[in-house]
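Inside the fold
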Amino acid sequence: MSETQTHQNAAVKASFDPANGVATLTLAMPGKVNVLNDVFGHGLKEALDWAKGREGLRGIIIGSAHKDFCAGADIDGLYAERDAARMHKVVTELCALYREIETSGVPVVAALTGSALGGGYELALSCHHRIALNDARVKVGLPEVQLGVIPGAGGTQRLPRIVGIQPALEMILQGQELRAPKALKGGFVDALAESPEALHQAAVKWIHENPKVKQPWDEKKLRIPGPRPGSPDARNIFMGACAMIAKRTAGVFTAPKRAISAMQEGISLKFDEAMKIENRYFVELAISDQAKDMIRTLWYYRNAALKHEGLPKTDDAGLASVAILGAGMMGAGLAFVCAQAGMKVFLKDIKQEALDAGVAHFEAELAKKRHLDDAAKKALRDRMVPTLALEDLEGVDLVIEAVFEDLDLKHRVTKETEPRLSANGIWASNTSAIPITDLAAASAHADRFIGLHFFSPVEKMPLLEIIKGKETSEETLARSLAFCRAIKKLPIVVNDGYGFYTTRVFSAYILEGAQLVAEGHDPVLIEWAARQAGMVVPPLQVFDEVTLTLGLKAMKQGRKYLGEVVDNAGTALLDKIVNAHKRPSKAEGAGFYEYEGGRRKRLWPGLAELAQGKPELTGVEYIADRLLFAQCVQAAHCVADGIIEQRRDAEVGAIFGIGFAPNTGGPLSYMDRMGLDRVVEKLDALAKEAGARYTPPAQLRELAEAGRKYLED
Ligand code: NAI
């Protein structure tokens, strides 16, 4: 019997077994992942040609030597390319290669022993059959829209022809990634296997049983699951998708809109014509400013933050136990997150009711963890000890203080509890605005005192803003970062100052919302303008959620640090709404909005009477400018004042902490994109017309005069 033949190039290890007639092309790019670039394209093409030249070839299996099958596009290449013609060449060459795979005349099987995402999943779609390893880490999906582009290697055309229009739209518009069993259920893969060996055997068997297979779109008559293209039902699905996108994103993201167009226009055409449509839309998006800004922040900056680039590291944080002070909204969430990370947790309050509520919250979170069995749940529960007794905290490695936002109270609990810390223990405050250095005044170990500012709800919000006080040591920061990694949060590290970074920018946003109401702008228009600017949640809605009462308290505290600048018509309006009209929050059922049964119903009509009159200048564009620039100017101050050390943190903090318009890439990206000279002009005009808070800092003027940007490429 003849021997197995082998072939290898820079991207693929290939072998051919004459005994069964099957060639196996194993993607094995240098490094740890397979990504789509020139090396990949040439290597796969060459290996495919080699396989096609084998005598007695009956079929091809495409697999991977790495943990993942293929991670998708090489983001560096995608980010760098600005030229439409070159981008078009790259993408059409890849599409031609994928087309060659499916028309090679023999059955081709994708062996998904690891995740297949983006262009990697599109490669699997260009195979005739997909078998995935039944393993929790294996996922398939098309996440492209999250970076401002659409699938560009046939995803918008092959997927709907395989699984139907509706499921394909759901995956592409939401950038979904599905685990193997769910993918099987929806038809996103065709079969599961329990081991890599079983997978290979199943692939060989399938090849032998399906010698004449063709892709459905290469058959004489295409049948796709679900409604037929062009039918009233299909039209309704596309219309529904457009409406859903408009509602969810106010239409500010281009990519999902183009994905719908590509699919709708392409689905009734012959396959090769349909691909031309996808190619065109892909190229338009891939070279667009929006995609570049989104990729920079949501890919590069986010990854850099996750890897703690430029930040101190330690191998041993020495933080096995934690005490959370205050079992309120933040404390209860923190207790769960820490216990989940395997730490011993003491949840301490001074009131039994608060503790009971904290425990109830913990249980509710635990109940949501359906993948945990009873023993794992019990272990998690046993790690959390609710207590009223200070003695229980003896020897803890970390304290996270989350009592009421009050400097004197925070000083008191520091003095009282700090002596209980272990010898090298760390004290962290979850204050949302009080300078860490001021809080550390009550500490005997200011070098081990730090700010860990979480966001609500703690379980869901990814960001952790870490604030260095004047005396916080590098070691304390390094250990806090290790803690941040253990609880799986995304860190930004900033310097001290009232409101740090995120609270300063966020407060500017919601207070500007109140100020606009006070000036007489239509509240409906204010909310809509915010969404049109890309803000994830409009200002009056989110103000109700964080509570207007908190706003008033923060103003009182802010006066101490910022002086009278915090007083304007907006704060006077807040005072009236809360104190005269008893409308403190969503939780209390009344704020800027009216609520029924806890659900937001409509903006409170009484707002009109609290306004000063009718403004001369209004409209969506004007209001959107006010809301965005109120935040941008604060971001600029934070850079100028040195609160922001690494500029990426301004972008990551704004987008992941406070829902700043993700379509812009963040406040610094937004200003850079506009051009800093135009930004200065705009801010000067707004300062004249709407208030001195818009005045740009000197550093911004200098950058503008020098023709520079905040984020140099
Ligand atoms: P909360 O009012 O829900 O809870 C505070 C808890 O502290 C109460 O249960 C109270 O009984 C307890 N407490 C008071 N004195 C205590 C003491 N001496 N020892 C132990 N417990 C004591 O407050 P929330 O919203 O959880 O906020 C806590 C801290 O977190 C504040 O500094 C706040 O500014 C900050 N924060 C709040 C965010 C939010 O969205 N609510 C977001 C980020 C930070």
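Attention in this report is confined to the structure presented alongside it. Keep in mind the model is a prediction, meaning the values are calculated, not measured.

Here we come to the sheet that holds strand E11 (residues 177-179). Spatial ordering of the open sheet is given by E8-E10-E11, a layout of three strands whose pairing is mixed. Only two strands of the sheet have a single partner each, and these edge strands are strand E8 (116-117) and E11. Pairing geometry for E8 and strand E10 (residues 139-141), over two bridges, is parallel. Pairing of leucine 117 across the sheet is with glycine 141, part of E10.

Moving on to the nonpolar core. The biggest cluster of nonpolar side chains holds 199 residues, and the ones touching the most others in it are Ile60, Tyr121, Leu159, Tyr501, Phe592 and Tyr710. In terms of residues, this core owes the most to one element, helix H25 (residues 620-640), which gives 13 residues. Not counting residues within four places of it along the chain, the set of residues in contact with leucine 159 comprises Tyr121, Leu125, Leu142, Gly154, Gly164, Ala168, Met171, Ile172 and Phe188. In terms of nonpolar packing, the next biggest core, distinct from the first, is built from 38 residues, Leu311, Leu366, Ile426 and Leu481 among them.

Under the 1.5 Å per step criterion, the end-to-end length of helix H3 (residues 84-102) is 27 Å for 19 residues, consistent within 8% with the ideal 27 Å. The set of residues buried in H3 consists of Met87, Val91, Leu94, Cys95, Leu97, Tyr98, Arg99, Ile101 and Glu102. A side-chain oxygen of the first residue of H3 lies 3.2 Å from the backbone nitrogen of alanine 85; this N-cap is aspartate 83.

Time to look at unusual backbone geometry. In this model, serine 456 is joined to proline 457 through a cis peptide bond whose omega is -5 degrees. Residue placement: proline 457 occurs in the loop between strand E18 (449-453) and strand E19 (463-468). The backbone of lysine 488 sits at a positive phi, close to 60 degrees, despite the residue not being glycine. The topology assignment puts lysine 488 in the loop between helix H18 (474-486) and strand E20 (490-495). In the Ramachandran plot, lysine 582 falls in the positive-phi region, its phi being about 50 degrees despite a non-glycine side chain. Looking at lysine 582, the relative accessible area reads 59%, which means it is exposed.

The next point concerns the sheet that holds E20. Within a sheet, each strand pairs with its neighbour through backbone hydrogen bonds, oriented either parallel or antiparallel. Pairing within the open sheet is mixed, and its eight strands lie in the order E15-E14-E13-E16-E17-E18-E19-E20. Since the sheet does not close on itself, it has two edges, and those belong to strand E15 (384-387) and E20, each with one partner. Sheet twist, expressed as the mean angle between neighbouring strand axes with direction ignored, is 25 degrees. With four bridges connecting them, E18 and E19 associate as antiparallel partners.

This brings us to the site of the ligand. Near the ligand you find 22 residues, and of these Met330, Asp349, Glu405, Lys410 and Ser432 are the closest. Interatomic distance of 2.8 Å between a backbone N/O atom of methionine 330 and an oxygen atom of the ligand. Side-chain polar atom of asparagine 430 to an oxygen atom of the ligand: 3.1 Å apart, as the coordinates give it. In the complex, 84% of the free accessible area of the ligand, which totals 830 Å², lies under the protein chains. Mapped onto the shell around the ligand, the elements with two or more residues apiece are helix H13 (329-340) and helix H16 (407-417). Counting residues per element, the shell around the ligand draws most heavily on H16, at three residues.

The topology assignment puts lysine 220 in the loop between helix H8 (196-209) and helix H9 (232-249). For the pair lysine 220 and serine 195, spaced 25 residues apart in sequence, the C-alpha separation works out to 36 Å.

Before going further, it helps to spend a moment on the pattern of salt bridges. Throughout the structure, instances matching the rule amount to 35 salt bridges. A salt bridge links aspartate 49 to lysine 45; the shortest N-O distance between them is 3.1 Å. Residue aspartate 49 and its partner lysine 45 are both found in helix H1 (residues 38-52); the two are separated by four residues, about one turn of the helix. Residue lysine 45 is classed as partly exposed on the basis of its relative accessible area, which comes to 31%. Among the ionic pairs, aspartate 649 bridges to arginine 648, the shortest N-O distance being 3.6 Å. Here aspartate 649 and arginine 648 have matching classes, each one buried. Through salt bridges that share partners, Arg82, Asp289, Asp293, Arg296 and Arg673 make up one connected network.

Reading the values: rules and limits
- Residues numbered from 1 in each chain as written.
- Predicted model: local features only at pLDDT ≥ 70, side-chain atom pairs only at ≥ 80, totals over all residues.
- Heavy atoms only, no water.
- Pairing = 2+ DSSP bridges.
- Helix = DSSP H or I, 4+ residues; strand = E, 2+ residues; numbered from the N terminus.
- Core = buried A, V, L, I, M, F, W, Y, C linked by side-chain atoms within 4.5 Å.
- Buried < 20%, exposed > 50% of the residue type's maximum accessible area, 1.4 Å probe, protein only.
- Contact = heavy atoms within 4.5 Å.
- Expected span 1.5 Å × (residues − 1).
- Polar contact = N/O pair within 3.5 Å; in protein donor to acceptor, adjacent residues only side chain to side chain.
- Axes fitted to C-alpha atoms, helices over the stretch in contact; angles between N-to-C directions.
- Near = heavy atom within 4 Å.
- Areas by Shrake-Rupley, 256 points an atom, 1.4 Å probe, with all protein chains shown as cover.
- Salt bridge = Lys/Arg side-chain N within 4 Å of Asp/Glu carboxyl O.

Note that all results are geometric; they support no functional claim without further evidence.
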